[in-house]
Amino acid sequence: MNIAVVLRQVPDLIEPPEVDPSGTKFDLGAATFILNESDDHALEQALLMKEAGGGTITVLAFDFGDVDNTLYTAAAKGADRIVKLLWQEADPPTPHVAAAMLAEAIRPLRPELVLVGVNAHNELDGVLPPFLAQALAFPYVGVIRGVQNGPDPGAVSVRKEFPGAVMAQLQVQLPAVLGILGAEQPPRYVPVSRIRAATKTAQFEETEPSAAVDELPVAVRRLYPPAASGHAEMLTGSADEIAARIMTLLADKGILK
Amino acid sequence: MISFDGDAGMRLLEELGKANAGQSPAGCMQCGMCAASCPLGSAMEYTPRQLILHTGAGDLDAVLASPTLWMCVACYTCSHRCPRGIELTDLLWPALRDRAMQADHQPPAELQETLQNLFKYGNTLGKSPRQRLDWTKGLDVPVLDLTKDRRPVEVLWLVGCYPSYYPRNQSVARTFARILTRMGVSWGVLGTKEKAVGECDRMFGEEGLFEKLVEENRALLDQQEFDTIVTLDPHAYQALCRYYPRFGAWYPVQHYTTFLANRAAQLQPLIVQPVETTVTYHDNCCLGRRAGQYDQPRALLQLIPGITLTEMARSREDALCCGGGGGGMWLDAHIVAHGGQRLSDERVRQAAATGANTLAVSCPYELARFEDAAKVVGLEGQLRVRDILELLADAMNLQP
């Protein structure tokens, strides 16, 4: 199967995010970037499918943040082709912009399946996968927790999660875009020696997207850190005293009658 | 999963023999000393002896797939007692772990996270590099960041990951800063640029990650002018004096116990009050069995009036490991899941059996491990775990 996987860079929340002086966006100047977690799962899912049924994996990413490291790691894990979309802006592309540009880069690859993380924590104007599916004119299924080849030719079987952890097994006709929440196993660890080897052998195909994109449909008027409106109460005393206090609190809140 | 041919195991043992200052594992005479000595041997699918036997006999695939591979906590007992002088801990275990990962076997999940933390952030705890100097908050002595103000110093102090980030160890780091300053030693640190020395990932078998850290640390250290590097972490000491030279990186380095013991005459006049307590000292494996430095920590304790030093039945070269080395800090769940025990739990029982009320340590891992263990086995409040530096600071009447 010919699978395309989208990998996005997101700010690493190991550093507390800061609002920039304009008050309308995060200050990314001091941020470090890492691979979006659910995109890491999308790549793992693609690797599992390739191991199970063969095929090729093409990874696509915008040239932003620490993308080279991410792409060399993907190559070390088993990605066959790497496409880097040139990007000169200080901020990463919004989902609408990214969808249009990724679709332009993905179309010539003629993939049967496009896997992308179901969301990213820095998305503001919606999430990328359905926009990408729309731009490609592919069907979309999101919040996926596992994909398997077949059982019918030209289809995959997916496990979709609904609210309340209700799971459904669906058959999806290809080509399609799937928004991956989690792969069938955690993203694999790849030894650093292989990543270092990939830095010497992996070839990036660079492309400059030219797709016309509408203006951002969402405007930020003000961005500010959440303000504390209350504080936690630390319960102290003996176990019996604490238990009695909890009972009182639950009763006061109407949870316990 | 990559599969190895039948001769691959014997070739590996022979390669290790060529690279080894000790004897080739291929020369193992299967005496079983290692198996009987290993504190986790009874829980292993393959004891150290059997690892060599099966690796050489064409069973490399089975060995690499075994949970045994991730049960060594680098106590060096097998290496120390091997009558053939085979370097099992330093060479055989890391080499097999490396082969396992190259063959797509996944290390235990906790360990993967630690390795990724080292790769991404240069520390084992997954903390921001920008927070590396957080341990200095509230410190009442100046800290020279040599990466911002480069100048010759007597001591380039590699603070280490746990002392930089882990709250219990941060107070020990502040204590060492006060002791060095009180002694009049000129010292500096690498500030937010410091990265893990990388001993633990080498022992995990992550040679590529270790090489990366060596390169990054060399780039920093080679810019500095110092008489000696001092570490709080005996694993970092071990890596700098034994493994860095293999990459052409030679640095004078001392563990803090040796550095201070060598300056006992300078230290002694600064000791102004007794510390009334009965102390037993835990020989950590890197400083003890690996480096033979049993006397320096005890010499420091004996400088302190009021301390009664008592020895555990298993001390010096026979000391039981805390279970934290060789990646053991991140392998407890794996070891227990496969029938092993947390060695730190047994070790605090041994310490309490001496009648001591203080367990003195000289490794950052041990504070966390032994304080947890004391709680687990019901010794909290009865056995206090303290770094030697904390006892010295008490005797010097330095702010805790």
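This one's a predicted model, so the numbers in the text were calculated from it and none came from an experiment. (Residues numbered from 1 in each chain as written. Chains lettered and ligands numbered in written order. Predicted model: local features only at pLDDT ≥ 70, side-chain atom pairs only at ≥ 80, totals over all residues.)

**Student:** Whenever I open this one, the domain arrangement of chain B confuses me. Can you help?
**Tutor:** Accessible area lost upon the coming together of the parts is a frequently used measure of interface size. Residue and element names in this part refer to chain B. Looking at the assigned domains, one finds that chain B contains domain 1 (8-102), domain 2 (109-262) and domain 3 (264-395). Averaged C-alpha coordinates put domain 1 and domain 3 at centres separated by 28 Å. The interface is formed by 14 residues belonging to domain 1 together with 18 residues belonging to domain 3. Of the residues that constitute the side of domain 1 that touches domain 3, the class distribution is 12 nonpolar, 2 polar and no charged. (Domains from an automatic or database assignment. Contact = placed C-beta atoms within 7 Å. Nonpolar A, V, L, I, M, F, W, Y, C, P; charged D, E, K, R; others polar.)

**Student:** Would you mind showing me how to read the interface of chain A and chain B here?
**Tutor:** Listed as interface residues are 10 residues of chain A and, on the opposing side, 16 residues of chain B. Per-element accounting of the side of chain A that touches chain B gives the leading share, 3 residues, to helix α5 (residues 192-201) of chain A. Class assignment of the residues belonging to the side of chain A that touches chain B gives a composition of 6 nonpolar, 1 polar and 3 charged. (Helix = DSSP H or I, 4+ residues; strand = E, 2+ residues; numbered from the N terminus.)

**Student:** In this structure, what is going on with the sheet that holds strand β3 (residues 226-231) of chain B? I would like to understand it.
**Tutor:** All names here are of chain B. Strand order across the open sheet formed by 4 strands is β2-β1-β3-β4, with parallel pairing between neighbours. Each edge of the sheet is formed by a strand with only one pairing partner; in this case those strands are β2 (187-188) and β4 (253-255). With 3 bridges joining them, β3 and β4 adopt parallel strand pairing. What sits directly across from Thr 231, in β4, is His 255. Packing against the sheet, helix α12 (residues 234-243) makes contact with β1 (153-158), β3 and β4, and its axis sits at approximately 155 degrees to β4. (Pairing = 2+ DSSP bridges. Axes fitted to C-alpha atoms, helices over the stretch in contact; angles between N-to-C directions.)

**Student:** Would you mind showing me how to read the pairing of strand β8 (residues 384-387) of chain B here?
**Tutor:** Where a strand is regular, its side chains alternate between the two sheet faces. Residue and element names in this part refer to chain B. Relative to β8, strand β7 (residues 358-361) is paired through 4 bridges, and the arrangement is parallel. When the sheet's bridge partners are listed, Thr 358 is paired in β8 with Arg 384. Handedness of the β7-helix α19 (residues 364-376)-β8 crossover: right-handed. (Right-handed = clockwise from strand over helix to strand, strands pointing away.)

**Student:** Looking at this structure, I do not really get the packing of helix α2 (residues 67-77) of chain A against α5(A). What am I missing?
**Tutor:** If you want to describe how two helices pack, look at the angle between their axes and the distance between the axes. Residue and element names in this part refer to chain A. Axis separation between α2 and α5 bottoms out at 8 Å; the angle between their running directions is 105 degrees. If you check the angle between α2 and α5, you find them roughly perpendicular. Contact residues: Tyr 72, Thr 73, Ala 75 and Ala 76 in α2; Arg 194, Ile 195, Ala 198 and Thr 199 in α5. Along the lines of polarity and charge, the residues of the contact of α2 with α5 split into 5 nonpolar, 2 polar and 1 charged. (Parallel < 35°, antiparallel > 145°, perpendicular 65-115°, else oblique.)

**Student:** What should I look at first to understand α2(A) in this one?
**Tutor:** One turn of the α-helix equals 3.6 residues, which is why residues spaced by three or four share an orientation. Residues and elements named next belong to chain A. In terms of burial, α2 is a largely internal element, 9 of the 11 residues being buried. Among the residues of α2, those classed as buried are Val 67, Thr 70, Leu 71, Tyr 72, Thr 73, Ala 74, Ala 75, Ala 76 and Lys 77. Looking one or two residues beyond α2, the residue adopting positive phi is Gly 78, at roughly 135 degrees. (Buried ≥ 20, exposed ≤ 12 C-beta atoms within 10 Å, placed from the backbone.)

**Student:** How do you make sense of the pairing of strand β4 (residues 56-62) of chain A when you look at a structure like this?
**Tutor:** All names here are of chain A. For β4, the buried fraction is high: 6 of the 7 residues fall into the buried class. In this sheet, β4 lies alongside strand β1 (residues 2-6) in parallel orientation, the contact comprising 5 bridges. The residue of β4 that forms the bridge with Ile 3 is Ile 57. A crossover links β4 with its parallel partner strand β5 (residues 81-85), the connecting element being α2, and its sense is right-handed.

**Student:** Quick question: what am I supposed to make of the environment of Lys127(B) here?
**Tutor:** Residues and elements named next belong to chain B. Relative to the helices and strands, Lys 127 is located in the loop between α7 (109-121) and β1. Looking at Lys 127, the number of C-beta atoms within 10 Å reads 18, which means it is partly exposed. Separated by 10 residues in the primary sequence, Lys 127 and Asn 117 place their C-alpha atoms 7.9 Å from one another. Leave out the neighbours within four places in its chain, and Lys 127 touches Tyr 121 and Tyr 165.

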